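Summary of structural features
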Amino acid sequence: MMNRRDFLKKATALGIGGALYPLQHALGAPPQHKLKMLILGIDGMDLHLAHVYMQKGVLPNFSKLAAVGGLRAVSSSFPPQSPVAWSDFSIGATSRTHGIYDFIHRDPATMMPFHSTSRVEGPEKTISLGGLKIPLLDGKVELLRKERPFWEYLHDHDIPATVFKMPANFPCENPKVRMVSGMGTPDLRGGYGSFTLLTSAPHYPAEKVKGGLVVPLKFKAQKATASLAGPKNTLRVDEPDTLVPITIWRDQKNNVARIQIQDRQFVLKSGEWTDWIPLSFTMIPHLSDVKGICRLYLKSIHPDFCMYVSPINIDPSDPSLPIISSENYRRELEQSVGYFYTQGLPADTKALSSGVLDDVEYFELEQQILAERNRMLDHELSRFAKQDKAFLFFYFSSLDQNAHMFWRIHDRGHPLFRENSNNPPGNAIMHMYRAMDKMLGDVMDRLDIHDPNLRLIVMSDHGFAPFRRQVNVNTWLYEKGYIELKNIQHRESNNYFDNVNWTKTVAYNVGINALYLNLKGREKYGIIPESRANQFLDRIRQELLDLRDPATGRKAVSSIRIVPARARRDNPFAPDLILGWSRGYRTSWDSVLGGFSPQVFSDNNDKWSGDHCIDPALVPAVLFSNKAVQKARPALVDITATILAEYGIPLPSYMEGTPLFGV
Ligand SMILES: [Zn+2]
């Protein structure tokens, strides 16, 4: 049977697509030109937990909204990873159209991994002059998500739109739509958030600290000096790190320290945070510098001095990359909110995983991040309240990040569960749901949810599950004979496939849910002819569905999607097979980047203890709205279709969803 999407495609090809929608609107809601729509995007809000907390009475404002319009389970993307799910929502179509399949893709021509949603490249042509490298052309910053997002259609129809921190939307350049980029936006050093720890502790296990830099300090007469590393100076031939000096005087008796960075001084007690500090990294003296911002946290003064420096964020008042869509919006934010976290995900999960911040310190930082985000929402809401037609999308990352890091506290089945879970910060996940409820309450105090011209939607991109056991897919492929190693004595390697004999390898895993065949004509060293691809994929799929955890006897994989051959031919970055793990399981930390482990299965002993990159049927997202939804289990793409339909805008043919609201 022809599905709706195929029908629309054919209808559009025949030139009748435009005529279809007036008909639909004659049957459904009329176009609303005075309509205001606010969508609050809460990453990782889980359907089951929402129900549990609503029943406990912890979420009175969510209960109120659900009573006015409703609460629905929403099918997430396959795989249910945020860059994929929010791209489904942004484009109104699935991976085959927007091209994002996983956090990490690989380039089959080089076999190298890359961040799937954007690419930042230096200038291709430069000339050398002494020690300097002068660029002849600008570098390139490219958004890899394909097709037009829904907000461009809003703009085409004169609906003023603001899209705040939509994931997978960096770089964002469009003077017509107010946007700040979100998840996927790098810090100033070009990573996704790397902290610095300045410490006088002897023998600090620097090699164990993943995700940041450890800078050793030596105090002489209670004074120490060090440097903070900024971006690489790409204007110099040898590309050294740019550095900012930092001087520390400590007063052990009074438990305070004075810190000087560039022309600013701070006095901090142990346990205190600074506000944002502007930094200037010099590329060419007096001519070119790059602006960043950071925050300091003084952990301890004695016996060992320990100070956490946040990742150096791109300065939003003078951004070196396109993180705010227009100069006007940049100036408006500078005046009304000042400095703010610009890195894609502000929570420093790596600092918690590596023990540089403890649970209480991490939780405190998360509260500060949320308070900053709420101040920005306050600014956007004041503006939204004054408009008579408008669209606002506003995104929160805190609930997702807290659920990742604190799942272990209430999950008795997790290897890091400890009986005395009443220690601070207590039930950090419930606390965050409560904080979201308070935020929603503040929003509903300022807007009339019974106003027929207002649509209020709260949505998430996926739910949540425990991450107790990790599975090294590459090790499994090796044990099954699909990967050949050059040297089997050195099987446990984390150095991105350096021990793999590609000329005898059938399939491999890169990314959290993606599995690829080593396909002839596509992969650099491909050996599997296209004619045998399906045979191998069917076999691997069946064997994975039969895979059992020897420790529990449970099946590790709940569902598997084989990507259609045409989608794979159209896009060389698309995986061949997508893994949908059972609850409690996920691809291992090592396997994600081409590493091998001694065992296929092992406990996940990382504080990153909850996850959602599993079978999407097991982690539905949520949709609350102030208008009744007709469909029982909508998909993310249906919410996109709803936005355009509510404003009376025809759906472009590539969009896959159907509008959710009736008359
Ligand atoms: Zn997440």
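1. Examining the overall build of the protein chain
Each helix and strand in the protein chain was counted, giving 17 helices and 32 strands. Dimensions of the protein chain, computed from C-alpha atoms along their principal axes, come out at roughly 80 × 65 × 65 Å. Across the 663 residues of the protein chain, 46% fall into the buried class. When contacts within the protein chain are restricted to residue pairs at least 6 apart in sequence, those whose partners lie at least 24 apart make up 65%.

2. Some words on the nonpolar core
Judged by nonpolar contacts, the single largest core of 168 residues is most densely connected at Y308, M459 and V622. Here the element with the most residues in this core is helix 12 (residues 428-446); it accounts for 8 residues. The contact partners of M459, leaving out residues within four places of it in the chain, are I39, G41, V74, A621, V622, L623 and I639.

3. Considerations on helix 17 (residues 636-646)
Within helix 17, 11 of the 11 residues are buried, which leaves the element mostly enclosed by the surrounding structure. Residues of helix 17 that are buried: L636, V637, D638, I639, T640, A641, T642, I643, L644, A645 and E646. On the buried face of helix 17, the contacting elements are strand 1 (36-42), strand 2 (70-74), helix 5 (82-91), helix 7 (150-156), strand 23 (454-459) and strand 32 (621-625).

4. Re the environment of D241
As for its placement among the helices and strands, D241 is situated in strand 14 (residues 241-251). For D241 and F384, which are 143 residues apart along the polypeptide, the C-alpha to C-alpha distance reads 43 Å. Aside from chain neighbours lying at most four places away, what touches D241 is A229, G230 and K232.

5. Re the environment of R375
As for its placement among the helices and strands, R375 is situated in helix 10 (residues 359-386). Overall, the presence of 13 C-beta atoms within 10 Å leaves R375 in the partly exposed class. Separated by 280 residues in the primary sequence, R375 and S95 place their C-alpha atoms 34 Å from one another.

6. Topic: helix 10
End to end, helix 10 covers 41 Å across 28 residues, agreeing with the expected 40 Å (1.5 Å per residue, within 8%). Inspection of helix 10 places Y362, F363, L365, E366, I369, L370, R373, E380 and F384 among the buried residues, and these make up the whole buried set. In this structure, the buried residues of helix 10 make contact with strand 1, strand 9 (161-166), helix 9 (349-353), strand 22 (390-396), helix 11 (398-410) and helix 12.

7. Thoughts on the pairing of strand 26 (residues 514-517)
What you see with strand 26 is no split at all: A514 and Y516 on one side and L515 and L517 on the other are buried throughout. Inspection of the sheet shows strand 25 (residues 507-509) paired to strand 26 by 3 bridges, in the antiparallel sense. Counted as the bridge partner of N509 is L515 from strand 26. As defined by bridge partners, strand 26 adjoins strand 28 (residues 577-581) across 2 bridges and the pair is classed as antiparallel. By the bridge assignment, A514 is partnered in strand 28 with I578.

8. A short note on the domain arrangement of the protein chain
Examined at the domain level, the protein chain breaks down into domain 1 (35-100 + 145-186 + 321-464 + 619-647), domain 2 (187-320) and domain 3 (467-610). The gap between the C-alpha centroids of domain 1 and domain 2 is 31 Å. Tallying the contact residues gives 22 residues for domain 1 and 24 residues for domain 2. Secondary structure elements with two or more residues in the side of domain 1 that touches domain 2: helix 8 (327-336) and helix 9. Classifying every residue of the side of domain 1 that touches domain 2 gives 12 nonpolar, 6 polar and 4 charged.

9. Focus on the packing of helix 5 against helix 17
Across the interface, helix 5 lies against helix 17 with an axial gap of 7 Å and an inter-helix angle of 30°. Considering the angle they form, helix 5 stands roughly parallel to helix 17. Seen from above, helix 5 lies across helix 17 with right-handed handedness. In this structure, helix 5 contributes A85, D88 and F89 to the contact, and helix 17 contributes L636, V637, I639 and T640. Its residues placed into classes, the contact of helix 5 with helix 17 shows 5 nonpolar, 1 polar and 1 charged.

About the thresholds
- Residues numbered from 1 in each chain as written.
- Predicted model: local features only at pLDDT ≥ 70, side-chain atom pairs only at ≥ 80, totals over all residues.
- Helix = DSSP H or I, 4+ residues; strand = E, 2+ residues; numbered from the N terminus.
- Buried ≥ 20, exposed ≤ 12 C-beta atoms within 10 Å, placed from the backbone.
- Contact = placed C-beta atoms within 7 Å.
- Core = buried A, V, L, I, M, F, W, Y, C linked by C-beta atoms within 7 Å.
- Expected span 1.5 Å × (residues − 1).
- Pairing = 2+ DSSP bridges.
- Domains from an automatic or database assignment.
- Nonpolar A, V, L, I, M, F, W, Y, C, P; charged D, E, K, R; others polar.
- Axes fitted to C-alpha atoms, helices over the stretch in contact; angles between N-to-C directions.
- Parallel < 35°, antiparallel > 145°, perpendicular 65-115°, else oblique.
- Left-handed = near helix turned anticlockwise from the far one by under 90°.

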